[in-house]
Amino acid sequence: MNIYKIADLTVALQANGETLQKQTLAYLSDPTRPVDISITLTEDFLLQKQGENPHLSPNECEYIWTGAEFYHRLLDFDGFVLHSSAVAYGGQAYLFSAPCGTGKSTHASQWQAYFGEDKAVIINDDKPAIRLIDQHFYVYGTPWSGKSPHNTNIKVPLQAICFLEQSANNWLAKIAAKDALRLILNQTLRPHNIQHMDKLLYLLDRLLRQIPIYKMGCNISEQAVIMAYQAMSAKRKGEKN
(Lines give C-alpha, C1' and ligand atoms only; values in the text may rest on other atoms or scores of the structure.)
Protein backbone atom coordinates (compact mmCIF):
# COMPACT_ATOMS: atom_id res chain seq x y z
CA MET A 1 0.00 0.00 0.00
CA ASN A 2 1.08 3.56 -0.65
CA ILE A 3 0.87 6.39 1.87
CA TYR A 4 -0.92 9.61 0.96
CA LYS A 5 -1.61 12.91 2.70
CA ILE A 6 -5.23 13.79 1.99
CA ALA A 7 -7.07 16.54 3.88
CA ASP A 8 -4.19 16.62 6.39
CA LEU A 9 -4.75 12.93 7.13
CA THR A 10 -2.35 10.08 6.45
CA VAL A 11 -4.13 7.55 4.27
CA ALA A 12 -2.89 4.05 3.42
CA LEU A 13 -4.36 3.00 0.09
CA GLN A 14 -3.57 0.49 -2.63
CA ALA A 15 -4.25 2.13 -5.99
CA ASN A 16 -4.46 -0.53 -8.70
CA GLY A 17 -6.56 1.09 -11.40
CA GLU A 18 -5.27 3.69 -13.84
CA THR A 19 -7.64 6.45 -12.69
CA LEU A 20 -6.87 6.14 -8.99
CA GLN A 21 -3.13 5.85 -9.63
CA LYS A 22 -3.17 9.03 -11.70
CA GLN A 23 -5.39 11.01 -9.35
CA THR A 24 -3.41 10.15 -6.21
CA LEU A 25 0.06 11.07 -7.51
CA ALA A 26 -0.08 14.61 -6.12
CA TYR A 27 -1.00 13.26 -2.67
CA LEU A 28 1.89 10.81 -2.14
CA SER A 29 3.45 11.26 1.28
CA ASP A 30 6.14 10.08 3.68
CA PRO A 31 5.71 6.28 4.04
CA THR A 32 6.84 6.42 7.67
CA ARG A 33 3.95 8.62 8.84
CA PRO A 34 1.49 7.05 11.30
CA VAL A 35 -1.67 6.06 9.41
CA ASP A 36 -5.00 7.75 10.21
CA ILE A 37 -7.13 5.93 7.63
CA SER A 38 -6.46 2.62 5.91
CA ILE A 39 -8.61 1.75 2.89
CA THR A 40 -8.62 -1.80 1.58
CA LEU A 41 -11.20 -2.97 -0.93
CA THR A 42 -11.07 -6.67 -1.76
CA GLU A 43 -11.34 -8.00 -5.29
CA ASP A 44 -14.57 -9.79 -4.31
CA PHE A 45 -16.05 -6.49 -3.08
CA LEU A 46 -15.21 -4.70 -6.33
CA LEU A 47 -16.56 -7.59 -8.41
CA GLN A 48 -19.78 -7.41 -6.41
CA LYS A 49 -20.06 -3.67 -7.04
CA GLN A 50 -19.41 -4.13 -10.73
CA GLY A 51 -22.08 -6.82 -10.84
CA GLU A 52 -24.53 -4.39 -9.25
CA ASN A 53 -23.39 -1.64 -11.65
CA PRO A 54 -22.57 -3.34 -14.98
CA HIS A 55 -22.12 0.05 -16.69
CA LEU A 56 -18.99 0.63 -14.56
CA SER A 57 -15.55 -0.81 -15.23
CA PRO A 58 -13.41 -2.35 -12.44
CA ASN A 59 -11.24 0.79 -12.68
CA GLU A 60 -14.27 3.03 -12.11
CA CYS A 61 -15.55 0.87 -9.25
CA GLU A 62 -12.22 1.16 -7.45
CA TYR A 63 -12.18 4.93 -7.92
CA ILE A 64 -15.75 5.46 -6.73
CA TRP A 65 -15.75 3.15 -3.71
CA THR A 66 -12.33 4.11 -2.36
CA GLY A 67 -13.62 7.68 -2.40
CA ALA A 68 -16.83 6.69 -0.64
CA GLU A 69 -14.83 4.84 2.04
CA PHE A 70 -12.57 7.86 2.60
CA TYR A 71 -15.48 10.25 2.92
CA HIS A 72 -17.30 8.05 5.42
CA ARG A 73 -14.13 7.71 7.50
CA LEU A 74 -13.59 11.47 7.28
CA LEU A 75 -16.37 11.96 9.84
CA ASP A 76 -14.07 10.44 12.47
CA PHE A 77 -11.80 13.46 11.94
CA ASP A 78 -14.42 16.25 12.04
CA GLY A 79 -14.83 16.26 8.29
CA PHE A 80 -17.48 15.69 5.64
CA VAL A 81 -17.92 16.04 1.89
CA LEU A 82 -20.18 18.38 -0.06
CA HIS A 83 -21.08 17.65 -3.69
CA SER A 84 -19.81 20.91 -5.14
CA SER A 85 -17.18 22.70 -7.17
CA ALA A 86 -14.72 24.43 -4.86
CA VAL A 87 -12.73 27.46 -6.02
CA ALA A 88 -9.88 29.11 -4.14
CA TYR A 89 -9.39 32.81 -4.77
CA GLY A 90 -7.71 35.46 -2.65
CA GLY A 91 -6.87 32.97 0.08
CA GLN A 92 -10.51 31.91 0.58
CA ALA A 93 -12.57 28.95 -0.63
CA TYR A 94 -15.97 29.35 -2.30
CA LEU A 95 -18.13 26.26 -2.83
CA PHE A 96 -20.81 26.05 -5.53
CA SER A 97 -23.24 23.20 -5.06
CA ALA A 98 -26.15 21.95 -7.17
CA PRO A 99 -27.63 18.75 -8.56
CA CYS A 100 -25.69 17.22 -11.45
CA GLY A 101 -26.16 19.08 -14.71
CA THR A 102 -27.10 22.42 -13.16
CA GLY A 103 -23.80 24.11 -14.03
CA LYS A 104 -21.65 24.28 -10.90
CA SER A 105 -18.51 23.25 -12.82
CA THR A 106 -19.33 25.77 -15.53
CA HIS A 107 -19.66 28.56 -12.98
CA ALA A 108 -16.37 27.56 -11.31
CA SER A 109 -14.63 27.64 -14.69
CA GLN A 110 -16.04 31.14 -15.23
CA TRP A 111 -14.16 32.25 -12.11
CA GLN A 112 -10.96 31.01 -13.75
CA ALA A 113 -11.83 32.74 -17.01
CA TYR A 114 -12.51 36.04 -15.23
CA PHE A 115 -9.79 36.09 -12.56
CA GLY A 116 -7.22 33.92 -14.38
CA GLU A 117 -6.35 30.25 -13.83
CA ASP A 118 -3.24 31.24 -11.88
CA LYS A 119 -5.37 33.14 -9.34
CA ALA A 120 -8.63 31.16 -9.22
CA VAL A 121 -7.75 27.53 -8.49
CA ILE A 122 -10.15 24.59 -8.63
CA ILE A 123 -9.69 22.81 -5.29
CA ASN A 124 -12.00 19.96 -6.27
CA ASP A 125 -14.63 19.87 -8.99
CA ASP A 126 -17.01 17.35 -7.44
CA LYS A 127 -16.55 16.40 -3.78
CA PRO A 128 -14.16 18.62 -1.81
CA ALA A 129 -13.47 17.64 1.79
CA ILE A 130 -14.44 20.07 4.54
CA ARG A 131 -12.88 19.80 8.01
CA LEU A 132 -13.39 21.65 11.28
CA ILE A 133 -9.94 22.34 12.74
CA ASP A 134 -9.27 24.62 15.71
CA GLN A 135 -12.80 26.07 15.47
CA HIS A 136 -12.41 26.97 11.78
CA PHE A 137 -13.63 25.25 8.61
CA TYR A 138 -11.16 24.43 5.84
CA VAL A 139 -11.64 23.04 2.35
CA TYR A 140 -9.28 20.43 0.91
CA GLY A 141 -8.67 18.90 -2.45
CA THR A 142 -8.87 15.11 -2.64
CA PRO A 143 -8.04 12.64 -5.42
CA TRP A 144 -11.76 11.93 -5.87
CA SER A 145 -13.25 14.59 -8.13
CA GLY A 146 -15.92 12.65 -10.02
CA LYS A 147 -15.58 12.57 -13.79
CA SER A 148 -13.41 15.69 -13.69
CA PRO A 149 -9.61 15.49 -13.26
CA HIS A 150 -9.63 18.90 -11.56
CA ASN A 151 -8.42 18.72 -7.97
CA THR A 152 -5.54 20.38 -6.16
CA ASN A 153 -3.80 19.20 -3.01
CA ILE A 154 -4.28 22.38 -0.97
CA LYS A 155 -5.99 23.57 2.23
CA VAL A 156 -7.99 26.82 2.10
CA PRO A 157 -10.24 28.52 4.70
CA LEU A 158 -13.93 28.22 3.82
CA GLN A 159 -15.51 31.61 3.11
CA ALA A 160 -18.99 30.77 1.78
CA ILE A 161 -21.22 28.13 0.19
CA CYS A 162 -23.59 28.89 -2.66
CA PHE A 163 -26.35 26.70 -4.09
CA LEU A 164 -26.92 27.31 -7.78
CA GLU A 165 -29.87 27.17 -10.11
CA GLN A 166 -30.06 28.14 -13.76
CA SER A 167 -31.62 31.51 -14.50
CA ALA A 168 -31.81 33.95 -17.39
CA ASN A 169 -31.15 36.74 -14.87
CA ASN A 170 -28.47 36.87 -12.20
CA TRP A 171 -29.60 37.07 -8.59
CA LEU A 172 -28.21 36.04 -5.21
CA ALA A 173 -29.67 35.87 -1.71
CA LYS A 174 -28.45 34.70 1.66
CA ILE A 175 -30.63 31.90 3.02
CA ALA A 176 -31.70 30.87 6.51
CA ALA A 177 -29.98 28.00 8.32
CA LYS A 178 -33.06 25.72 8.21
CA ASP A 179 -33.27 26.08 4.43
CA ALA A 180 -29.53 25.64 4.04
CA LEU A 181 -29.53 22.44 6.11
CA ARG A 182 -31.95 20.74 3.74
CA LEU A 183 -29.88 21.73 0.71
CA ILE A 184 -26.64 20.53 2.30
CA LEU A 185 -28.11 17.19 3.35
CA ASN A 186 -29.26 16.63 -0.23
CA GLN A 187 -25.69 17.14 -1.48
CA THR A 188 -23.62 15.17 1.03
CA LEU A 189 -23.13 11.52 1.94
CA ARG A 190 -25.49 10.62 4.76
CA PRO A 191 -24.06 7.80 6.89
CA HIS A 192 -26.10 4.79 8.02
CA ASN A 193 -24.18 4.61 11.29
CA ILE A 194 -26.08 6.59 13.96
CA GLN A 195 -22.87 7.83 15.63
CA HIS A 196 -21.58 9.13 12.30
CA MET A 197 -24.94 10.76 11.56
CA ASP A 198 -24.78 12.51 14.92
CA LYS A 199 -21.27 13.72 14.07
CA LEU A 200 -22.42 15.01 10.68
CA LEU A 201 -25.32 16.93 12.22
CA TYR A 202 -22.97 18.40 14.83
CA LEU A 203 -20.59 19.59 12.10
CA LEU A 204 -23.42 21.05 10.05
CA ASP A 205 -24.74 22.89 13.10
CA ARG A 206 -21.31 24.46 13.58
CA LEU A 207 -21.03 25.21 9.88
CA LEU A 208 -24.38 26.99 9.71
CA ARG A 209 -23.43 29.15 12.69
CA GLN A 210 -20.10 30.23 11.14
CA ILE A 211 -20.39 30.14 7.34
CA PRO A 212 -22.84 32.17 5.23
CA ILE A 213 -24.94 30.11 2.82
CA TYR A 214 -26.38 31.61 -0.36
CA LYS A 215 -28.69 30.65 -3.17
CA MET A 216 -27.99 32.03 -6.61
CA GLY A 217 -29.64 32.01 -9.99
CA CYS A 218 -27.17 32.73 -12.75
CA ASN A 219 -26.40 32.56 -16.43
CA ILE A 220 -23.05 31.96 -18.07
CA SER A 221 -21.54 35.42 -17.85
CA GLU A 222 -18.77 37.31 -16.10
CA GLN A 223 -21.47 39.44 -14.45
CA ALA A 224 -22.54 36.33 -12.52
CA VAL A 225 -18.98 35.88 -11.28
CA ILE A 226 -18.66 39.52 -10.24
CA MET A 227 -21.97 39.43 -8.40
CA ALA A 228 -21.12 36.20 -6.57
CA TYR A 229 -17.63 37.30 -5.57
CA GLN A 230 -18.66 40.75 -4.36
CA ALA A 231 -21.40 39.32 -2.15
CA MET A 232 -19.62 36.25 -0.79
CA SER A 233 -16.20 37.83 -0.21
CA ALA A 234 -17.62 40.41 2.18
CA LYS A 235 -16.10 40.24 5.64
CA ARG A 236 -18.20 38.16 8.00
CA LYS A 237 -19.47 39.62 11.25
CA GLY A 238 -16.95 39.21 14.03
CA GLU A 239 -13.96 38.72 11.72
CA LYS A 240 -10.78 40.63 12.50
CA ASN A 241 -8.68 42.52 9.96
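Up top you'll find the structure we're talking about.
Residues numbered from 1 in each chain as written. Predicted model: local features only at pLDDT ≥ 70, side-chain atom pairs only at ≥ 80, totals over all residues. Heavy atoms only, no water.

Undergrad: In this structure, what is going on with the packing of aromatic side chains? I would like to understand it.
TA: The way to describe two aromatic rings as a pair is by their centre distance and the angle between their planes. Tallied over the entire structure, the rule returns 12 aromatic pairs. Seen from their ring centres, Tyr-89 and Tyr-229 are 5.3 Å apart, and the 80° between their planes marks the pair as edge-to-face. Taken together, the positions of Tyr-89 in strand β5 (residues 84-89) and Tyr-229 in helix α7 (residues 222-232) put the pair 140 residues apart, joining distant regions of the chain. Following the ring pairs from residue to residue traces out a cluster consisting of Tyr-89, Tyr-94, Phe-96, Trp-111, Tyr-114, Phe-115 and Tyr-229. (Phe/Tyr/Trp six-rings, centres within 6.5 Å; stacked < 30°, edge-to-face > 60°. Helix = DSSP H or I, 4+ residues; strand = E, 2+ residues; numbered from the N terminus.)

Undergrad: Even after reading the chapter, I still don't get empty space enclosed by the protein, so can you show me in this structure?
TA: All told, the structure shown has one cavity of 30 Å³ or more when counted by the stated rule. Computed from the structure, the largest cavity encloses a volume of approximately 40 Å³. Those elements that place two or more of their residues in the lining of the largest cavity are α3 (58-74) and β4 (79-81). Taken together, the residues of the lining of the largest cavity break down into six nonpolar, two polar and no charged. (1 Å grid on protein atoms, 1.4 Å probe; cavity = no way out; pocket = protein on both sides within 12 Å on 5 of 7 lines; lining within 4 Å. Points joined across faces, edges and corners; volume = space filled by probe spheres on them. Nonpolar A, V, L, I, M, F, W, Y, C, P; charged D, E, K, R; others polar.)

Undergrad: What is the right way to read the packing of helix α4 (residues 104-115) against α7 from this model?
TA: In a pair of packed helices, the angle between the axes and the distance between the axes together describe the arrangement. Running from N to C, α4 and α7 point in directions that differ by 90°, and their axes come no closer than 9 Å. With respect to each other, α4 and α7 are oriented roughly perpendicular. For the pair α4 and α7, contact is made by His-107, Gln-110, Trp-111, Tyr-114 and Phe-115 and by Glu-222, Ala-224, Val-225, Ile-226, Ala-228, Tyr-229 and Met-232, respectively. Across the contact of α4 with α7, the residue classes tally to nine nonpolar, two polar and one charged. (Axes fitted to C-alpha atoms, helices over the stretch in contact; angles between N-to-C directions. Parallel < 35°, antiparallel > 145°, perpendicular 65-115°, else oblique. Contact = heavy atoms within 4.5 Å.)

Undergrad: Help me out: how do you make sense of the nonpolar core in this one?
TA: The tendency in soluble globular proteins is for nonpolar side chains to be buried side by side. Membership of the largest hydrophobic core comes to 29 residues, with the highest contact counts inside it found for Leu-95, Leu-158, Ile-161 and Leu-207. Put simply, the parts of the chain that give this core at least two residues each are β5, β6 (92-97), β8 (129-133), β9 (136-140), β10 (155-166), α5 (177-186) and α6 (194-210). With six residues, the top contributor of residues to this core is α6. Within the second largest apolar cluster, 21 residues are counted, among which are Ala-15, Tyr-63, Tyr-71 and Ala-129. (Core = buried A, V, L, I, M, F, W, Y, C linked by side-chain atoms within 4.5 Å. Buried < 20%, exposed > 50% of the residue type's maximum accessible area, 1.4 Å probe, protein only.)

Undergrad: Hey, could you run me through the sheet that holds strand β2 (residues 9-13) in this one?
TA: Taking strand neighbours across the sheet as the criterion, the three strands line up as β1-β2-β3 in an open arrangement whose pairing is mixed. Edge strands, defined here as strands with exactly one partner in the open sheet, are β1 (2-6) and β3 (37-39). Within this sheet the neighbouring strands show an average axis-to-axis angle of 25°, counted without direction. Sheet topology note: the β1/β2 ladder contains five bridges and is antiparallel. Note on β2: the bridge partner recorded for Tyr-4 is Val-11. Packing of α3 onto the sheet brings it into contact with β1, β2 and β3, and relative to β3 it is tilted by some 155°. (Pairing = 2+ DSSP bridges.)

Undergrad: Help me out: how do you make sense of the packing of helix α2 (residues 43-52) against α3 in this one?
TA: Taken N-terminus to C-terminus, the directions of α2 and α3 make an angle of 105°; their axes are 9 Å apart at the nearest point. One way to sum up the angle between α2 and α3 is to call them roughly perpendicular. Note on element contacts: α3 touches α2 through Pro-58, Cys-61, Glu-62 and Trp-65, opposite Phe-45, Leu-46, Lys-49 and Gln-50. Per-class residue counts for the contact of α2 with α3 are five nonpolar, one polar and two charged.

Undergrad: Quick question: what am I supposed to make of the environment of Gln-14 here?
TA: With respect to the element layout, Gln-14 can be found in the loop between β2 and α1 (18-24). The exposure class of Gln-14 is partly exposed, given its relative accessible area of 36%. Through-space distance from the C-alpha of Gln-14 to that of Ala-176 is 42 Å; in sequence the pair is 162 residues apart. Apart from the residues lying within four places of it in its own chain, the contact partners of Gln-14 are Met-1, Leu-20, Ile-39 and Glu-62.

Undergrad: I would appreciate a short explanation of unusual backbone geometry in the present structure.
TA: Excluding glycine, residues mostly carry a negative phi; peptide bonds, for their part, are mostly trans. Of note in this structure, Asp-78 is not a glycine but carries a positive phi near 55°. Here Asp-78 shows up in the loop between α3 and β4. Among the residues examined, Asp-78 registers a relative accessible area of 27% and is labelled partly exposed. Positive phi, normally seen in glycine, also occurs at Asp-134, with a value near 50°. Tracing the backbone through its elements, the reader meets Asp-134 in the loop between β8 and β9.

Undergrad: Hey, could you run me through the layout of surface pockets in this one?
TA: Regions of empty space are outlined by a rolling probe, equal in size to a water molecule, passed over the atoms. Taken as a whole, the largest pocket holds about 850 Å³ of empty space. Taken together, 33 residues line the largest pocket, and the ones lying closest to its centre are Asp-126, Lys-127, Ser-145, Gly-146 and Lys-147. Sorting the residues of the lining of the largest pocket by element identifies α1, α3 and α4 as the ones contributing at least two each. Sorting elements by how many residues they give to the lining of the largest pocket places α3 first, with seven residues.

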